[in-house]
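Examining the three-dimensional arrangement
Residues per chain, in single letters:
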Amino acid sequence: MSRLSDFKALLRFEFSTSYRQPGLEFLVALILLFSAFGVSSSAFQSLSVRFSPDFLVHYPDLFADFLSAVKRLGVVSLVAGIKSVYYILVFLIPMFSAFTIASSIENGSLAALISYPVSRRSALLVRVLFPIVFLGASTFICSLIWVGIFLPGVIDLGFYLFAFVLTFTAIMFIFLINSLIAILSKRASVSVVGGFVLGMVFLQLGYMSDTTLAGVLDPFTLLVSILTISNYELGFFDIIASMCIQVSLSIILLVVQLKIFNRMEVL
Amino acid sequence: MKRLRITLLGIGIALLIFSVLPATQIMSLGGTAEPQEYRTAFYTITGDIYIDINVSHNGSINFYLLNYEDAVELVKTMNLDTANPVLSIMNVTIYQNYLGLIPTGLYAFVVETAMNTTAGFDIDMIRVLPQWGIFLPGIIFLLPELGFTISKISHKVLKTPTNSLGETSE
């Protein structure tokens, strides 16, 4: 219990020092704007139906198919919004990790922090977990708000939950790779450049590679392409497999970072 | 509290920016409408739109704009009698007008032939900027910061001591 309260106190301290305003607030606005572009690119497209009263005799499933198409439009719009933000986050996360981790090591503020009775593990976890939760939640909520504005009443709870988990795993994976670069480099400039190059490689490889690798590097593009095919349920295996790979790699990355950070000379 | 104000300010600015950016997707519906047939297209409307209807060949069309609930009912029953259209233009060959003040959401543009003949038609719907459905929430998000700034300025002005001529004591 005391460990948890210590962690909460550390989080509160970091919130008022490392994450000073108005950086986070304008990041939310930026995420909202880019999610709007993504969601609108899909939600503003048309759903065309051509029918006559005798259609129902020949095509009894028309109504069910229509509702399914509307629901899928909502789902594709949500994923398009998250994808649009993900493309920006791939290049923003290196800056985030550079200024919160590498820069703190470089200018000695992290050394000052761990000179207090604070465990190194907590100090690193706060700087890794908070951005992941913040960026993941902002990305998902902003996209969901736009879907609610553009397509009110179109709800697919099961898929929204799936998209929520996918958003977190993707952002966690990207952030942990960048935080590892930040810890190993100990320099903000190297961390930013390294993260940028890695982001470009990620998006390019995700676009060019086969389904499982594409799912790990850029899961949202793969998901949008799966959702546009008729029997899209089959494609979910690739996405779930890539999610499992992302989670496994993230756990390994976190453990490795904690070990490196515990042994690192920061003073 | 200050963080909340800045967040609302940021969200408001983002909404204002998005409301004045033109959409990349064009809203249109065209082709031929056969007798006893409904041609529909579903589009998201977020503000005022400019409607331009042109009917070619010797014919005319009936044009309806339905909200999502009525559109779902139309697909279910194939009957427009129970629907309560937001806009209905009967027996039209050429029509150009602005349509405003409708809530944001998914709408169906429905076309049927007015007479018992095939009619070729072309309908373009253009979003008029700013899109009020996004612009007005943006203004609402900006109001707390605006109110706070005005109250801060007025508080500062009222607090400054003045003499009977309205000059400050300094």
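Cut-offs applied
Residues numbered from 1 in each chain as written. Chains lettered and ligands numbered in written order. Predicted model: local features only at pLDDT ≥ 70, side-chain atom pairs only at ≥ 80, totals over all residues. Heavy atoms only, no water. Helix = DSSP H or I, 4+ residues; strand = E, 2+ residues; numbered from the N terminus. Rg over C-alpha atoms; globule rule 2.2 N^0.38 Å. Buried < 20%, exposed > 50% of the residue type's maximum accessible area, 1.4 Å probe, protein only. Contact = heavy atoms within 4.5 Å. Areas by Shrake-Rupley, 256 points an atom, 1.4 Å probe, with all protein chains shown as cover. Buried area = accessible area lost by both parts, 1.4 Å probe. Salt bridge = Lys/Arg side-chain N within 4 Å of Asp/Glu carboxyl O. Polar contact = N/O pair within 3.5 Å; in protein donor to acceptor, adjacent residues only side chain to side chain. Nonpolar A, V, L, I, M, F, W, Y, C, P; charged D, E, K, R; others polar. Pairing = 2+ DSSP bridges. Axes fitted to C-alpha atoms, helices over the stretch in contact; angles between N-to-C directions. Patch = residues over 30% accessible without salt bridge, like charges linked within 9 Å, V, L, I, M, F, W, Y side chains within 5 Å. Lys, Arg positive; Asp, Glu negative; His and termini not counted. Charge placed at Lys NZ, Arg CZ, Asp CG, Glu CD. Phe/Tyr/Trp six-rings, centres within 6.5 Å; stacked < 30°, edge-to-face > 60°. Lys NZ or Arg CZ within 6 Å of the ring centre and 35° of its normal. Expected span 1.5 Å × (residues − 1). Parallel < 35°, antiparallel > 145°, perpendicular 65-115°, else oblique. Left-handed = near helix turned anticlockwise from the far one by under 90°.

Scanning chain B for helices and strands turns up three helices and eight strands. Shown N-terminal to C-terminal, the secondary structure of chain B runs as helices and strands in the order α-β-β-β-β-α-β-β-β-β-α. Here the C-alpha radius of gyration of chain B, 25 Å, is well above what a compact globule of 170 residues would show, namely 15 Å. C-alpha atoms of chain B, sized along the principal axes, occupy 85 × 30 × 30 Å. When each of the 170 residues of chain B is scored for burial, the buried share is 44%. Across chain B, every contact between residues at least 6 apart in sequence was considered, and the portion connecting residues at least 24 apart equals 83%. As presented, chain B carries roughly 9100 Å² of accessible surface, and 60% of it is formed by carbon and sulfur atoms.

Another aspect to go through is the interface of chain B and chain A. Note: interface size is frequently given as the accessible area lost on complex formation between the parts. Listed as interface residues are 36 residues of chain B and, on the opposing side, 38 residues of chain A. Note on chain B versus chain A: buried area summed over both sides is about 3600 Å², and carbon and sulfur give 71% of it. Applying the counting criterion to the chain B and chain A interface returns zero salt bridges. Here chain B and chain A share one residue pair in polar contact (both at pLDDT 80 or more) between them. Elements that contribute at least two residues to the side of chain B that touches chain A include exactly α1 (2-19), β2 (38-45), α2 (68-77) and β7 (105-113) of chain B. No other element matches α1 of chain B, which puts 10 residues into the side of chain B that touches chain A. Broken down by class, the residue content of the side of chain B that touches chain A amounts to 19 nonpolar, 10 polar and seven charged.

What follows covers the sheet that holds strand β6 (residues 94-99) of chain B. All names here are of chain B. If you trace the four strands from one edge of the open sheet to the other, you get β1-β8-β3-β6, paired in antiparallel fashion. Of all the strands in the sheet, the pair left with one neighbour each is β1 (27-33) and β6. Strand-to-strand twist in this sheet, taken as the mean axis angle between neighbours without regard to direction, amounts to 10 degrees. Across seven bridges, β1 lies against strand β8 (residues 119-127) in antiparallel orientation. Counted as the bridge partner of Ser28 is Asp124 from β8.

Moving on, we come to the environment of Ala241 of chain A. With respect to the helices and strands, Ala241 of chain A occurs in helix α11 (residues 236-263). It is 8.6 Å that separates the C-alpha atoms of Ala241 of chain A and Val216 of chain A, two residues lying 25 residues apart in sequence.

Before going further, it helps to examine a positive patch on the surface. Together, Arg3, Arg121, Lys259 and Arg263 of chain A give the surface a local cluster of positive charge. Mapped onto the secondary structure, Arg121 of chain A falls in helix α6 (residues 120-150).

Moving on, we get to the packing of aromatic side chains. Inspection of the entire model under this criterion finds 18 aromatic pairs over all chains. Taken together, Phe34, Phe37, Phe44, Trp146 and Phe150 of chain A together with Phe18 of chain B form an aromatic cluster joined through their ring pairs. Here the guanidinium or amino end of Arg5 of chain B rests over the ring plane of Phe148 of chain B, the centre of that ring lying 3.6 Å away. Across from the ring centre of Phe44 of chain A, 3.9 Å away, lies the NZ or CZ of Arg127 of chain B, which sits over that ring.

All names here are of chain A. Judged by side-chain polarity, Met95, Phe99, Val193, Phe196, Val197, Met200, Val201 and Leu205 come together as a nonpolar surface patch covering roughly 700 Å² of accessible area. The set of elements that each furnish at least two residues to the nonpolar patch consists of α4 (62-107) and α8 (188-208). At six residues, α8 tops the list of elements feeding residues into the nonpolar patch. If you trace the backbone, Leu205 turns up in helix α8. Given the relative accessible area of 40%, Leu205 is considered partly exposed.

Our next topic: helix α7 (residues 157-185) of chain A. Here α7 of chain A spans 42 Å end to end across 29 residues, near enough to the 42 Å set by a 1.5 Å rise per residue. Among the residues trailing α7 of chain A, Lys186 of chain A stands out with phi positive, at a value near 60 degrees.

Now for the environment of Met78 of chain B. Tracing the backbone shows Met78 of chain B in the loop between α2 and β5 (87-92). As a C-alpha pair, Met78 of chain B and Glu37 of chain B span 41 residues in sequence and 9.5 Å in three-dimensional space.

All names here are of chain A. Between α4 and α7, the shortest axis-to-axis distance is 9 Å and the interhelical angle comes to 25 degrees. The orientation of α4 relative to α7 falls into the category roughly parallel. Every pair of crossing elements has a handedness; the one defined by α4 and α7 is right-handed. Taken together, the residues of the contact of α4 with α7 break down into 22 nonpolar, five polar and no charged.

Take α2 of chain B next. Every buried residue of α2 of chain B is listed here: Tyr68, Asp70, Ala71, Val72, Leu74 and Val75 of chain B. The first or second residue beyond α2 of chain B is Met78 of chain B, which carries a positive phi of 60 degrees.

Let's shift gears to unusual backbone geometry. Residue Pro130 of chain B is bonded to the preceding Leu129 of chain B through a cis peptide linkage, with omega at -5 degrees. Among the secondary structure elements, Pro130 of chain B is positioned in the loop between β8 and α3 (132-159). Positive phi values are uncommon outside glycine, yet Lys186 of chain A reaches one of about 60 degrees. Looking at where Lys186 of chain A falls in the secondary structure, it is placed in the loop between α7 and α8. If you check the backbone angles, Asn91 of chain B has positive phi at about 50 degrees while not being a glycine. Among the structural elements, Asn91 of chain B can be located in strand β5.

These values are about where atoms sit, not about what they do.
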